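A structural walkthrough
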Amino acid sequence: MADRFSENPIIKTADIKPSSPDMVVECVLNPGVFSFAGKTWLILRVAERPRQHTDSVSFPVMDKHGRLKIVSFQKDDPALNLSDPRMVKHSGITYLSTLSHLRLVCSDDGVHFYEPENFPTIIFGQSQLETFGIEDCRVAKIDDVYCLTFTQVSEHGVGVGLMRTKDWMNFQHDGMILPPHNKDCAIFEEQINGVYYCLHRPSGIDLGGNFVWIASSPDLLHWGNHTCILHTRPGMWDCARVGAGAAPIKTKAGWLEIYHGADFNHRYCLGAVLLDLDDPSKVIARSEAPLMEPLAPYEQTGFFGNVVFTNGHIVDGDELTVYYGASDEVICGAKFSIQAILDDLLTVAAAKKAIQTA
Ligand code: MAN
């Protein structure tokens, strides 16, 4: 179903200038996407760390004054656990192996991206809740306001932050809107029955799991009416975690959401779910097979292999262009037909209904 760009990967780490000369860009991934001033824009996640030495591991952390400090551990330290390349675990504390910030690029054709002139292109984490970085930004345009939801990471945990802008020059920082542990927050681009809605992904520790929830709000800041709408499915490609992608797409059949699902081997695929137009807490249909799996070499091998992860797309009539992070290292694009996704979802839903009524 996925028609990958022949130019993939369209952005690689070598294309991105480090934020300072002593940093190395290890990953460029998971872009938010929006249209602005006649162009396609990506708000990239850029993950950096200092040049590594053979016998130690070092990574940047922001201190409480917003200054970068480098933390290092010797690799033979028995208290050190480097089993997941995304993390550094030491003496019961988990750090991230890289520090992420957000970076703006734009394009005239949706394939070749460059740094825009006269715009602030780098957005760093700045608060106490962002000392381990900011990640995976979603962009929802509501009227003339771009609402940015992103992951805020710090020693206090992982939560969802909100920023708003009209012109991509001036930003209003609204702080953390969903406290830890929460991420993957996608805001609907219009109100439904007079309130805003978002999808989000809290994580249950002992009970529950990594499920998709929906919430509503009068003002985008205060969220309530939390309802769990999508569980992981035992034995399937999305058995370990599920999380929303970008803003739901309004179609005649319902709100279409592209989501990610992972199994216990951390293999990340994309799927689709259709929500009721009038009450999006009602799930109409959900894909059985993944919409997209990590199959191309750049999706299977990289900083963290076997990952396709999306949090941004462009809709143009029936054409859905999904931008995605591949192997947590590079940025790629793929096109889909919205109608084909809907046909598949509705066939699955009809088949299920037929079984139930038989
Ligand atoms: C998590 C997030 C994403 C990342 C995937 C795969 O869901 O940290 O940013 O792409 O894991 O590593």
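See the structure above.
Description of the structure in this document. (Residues numbered from 1 in each chain as written. Predicted model: local features only at pLDDT ≥ 70, side-chain atom pairs only at ≥ 80, totals over all residues. Heavy atoms only, no water.)

Residues L256, I258, L320, Y324, F336 and I341 are the most contacted members of the largest nonpolar core, which totals 24 residues. When residues of this core are traced back to their parent elements, those giving at least two are β22 (254-262), β23 (268-275), β26 (319-326), β27 (330-337) and α2 (338-357). In contact with F336, not counting residues within four places along its chain, are M1, A2, L291, M292, D318, E319, L320, V322 and I341. In terms of nonpolar packing, the next biggest core, distinct from the first, is built from 17 residues, L199, L230, A244 and V273 among them. (Core = buried A, V, L, I, M, F, W, Y, C linked by side-chain atoms within 4.5 Å. Buried < 20%, exposed > 50% of the residue type's maximum accessible area, 1.4 Å probe, protein only. Helix = DSSP H or I, 4+ residues; strand = E, 2+ residues; numbered from the N terminus. Contact = heavy atoms within 4.5 Å.)

Attention now moves to the pattern of salt bridges. One pass over the full model with this rule turns up 17 salt bridges. A salt bridge links R233 to D238, with the shortest nitrogen-to-oxygen separation between them at 2.9 Å. Of the residues examined, D238 reaches a relative accessible area of 0% and is grouped as buried. (Salt bridge = Lys/Arg side-chain N within 4 Å of Asp/Glu carboxyl O.)

Within a regular strand, the side chains alternate between the two sheet faces. With burial as the criterion, only one face of strand β7 (residues 87-90) is covered, namely that bearing V88 and H90; the residues M87 and K89 on the opposite face remain uncovered. Between strand β6 (residues 80-81) and β7, which pair antiparallel one after the other, the connecting turn spans five residues. For β7 and strand β8 (residues 93-96), the ladder comprises four bridges, and the chain directions are antiparallel. By the bridge assignment for β8, V88 is matched with Y95. Joining the antiparallel neighbours β7 and β8 is a turn of two residues, in which S91 adopts a positive phi near 50°. (Pairing = 2+ DSSP bridges.)

In the vicinity of the ligand, the residues found are N30, R45, R86, D136, K183, Y268, F304, F309 and D328. For the ligand, an oxygen atom lies 2.9 Å from a polar atom in the side chain of N30. Note that an oxygen atom of the ligand is positioned 2.6 Å from one of the side-chain N or O atoms of R86. Contact with the protein chains hides 93% of the accessible area of the ligand, taken as 300 Å² for the molecule alone. (Near = heavy atom within 4 Å. Polar contact = N/O pair within 3.5 Å; in protein donor to acceptor, adjacent residues only side chain to side chain. Areas by Shrake-Rupley, 256 points an atom, 1.4 Å probe, with all protein chains shown as cover.)

Within this model, the largest pocket holds a volume of roughly 840 Å³. Every residue lining the largest pocket is counted, 37 residues in all, and those nearest its centre are M87, L96, E135, V158 and K183. Of all the secondary structure elements, the ones that give two or more residues to the lining of the largest pocket are β2 (23-36), β3 (39-50), β8, β12 (133-142), β13 (145-154), β14 (157-165) and β16 (182-187). Considering every element that reaches the lining of the largest pocket, the biggest residue donor is β8, with four residues. When the residues that make up the lining of the largest pocket are grouped by side-chain class, the tally is 15 nonpolar, twelve polar and ten charged. By volume, the second largest pocket is sized at about 370 Å³. Residue lining of the second largest pocket: 19 residues in total, with E189, A247, H313, I314 and V315 positioned closest to the centre. (1 Å grid on protein atoms, 1.4 Å probe; cavity = no way out; pocket = protein on both sides within 12 Å on 5 of 7 lines; lining within 4 Å. Points joined across faces, edges and corners; volume = space filled by probe spheres on them. Nonpolar A, V, L, I, M, F, W, Y, C, P; charged D, E, K, R; others polar.)

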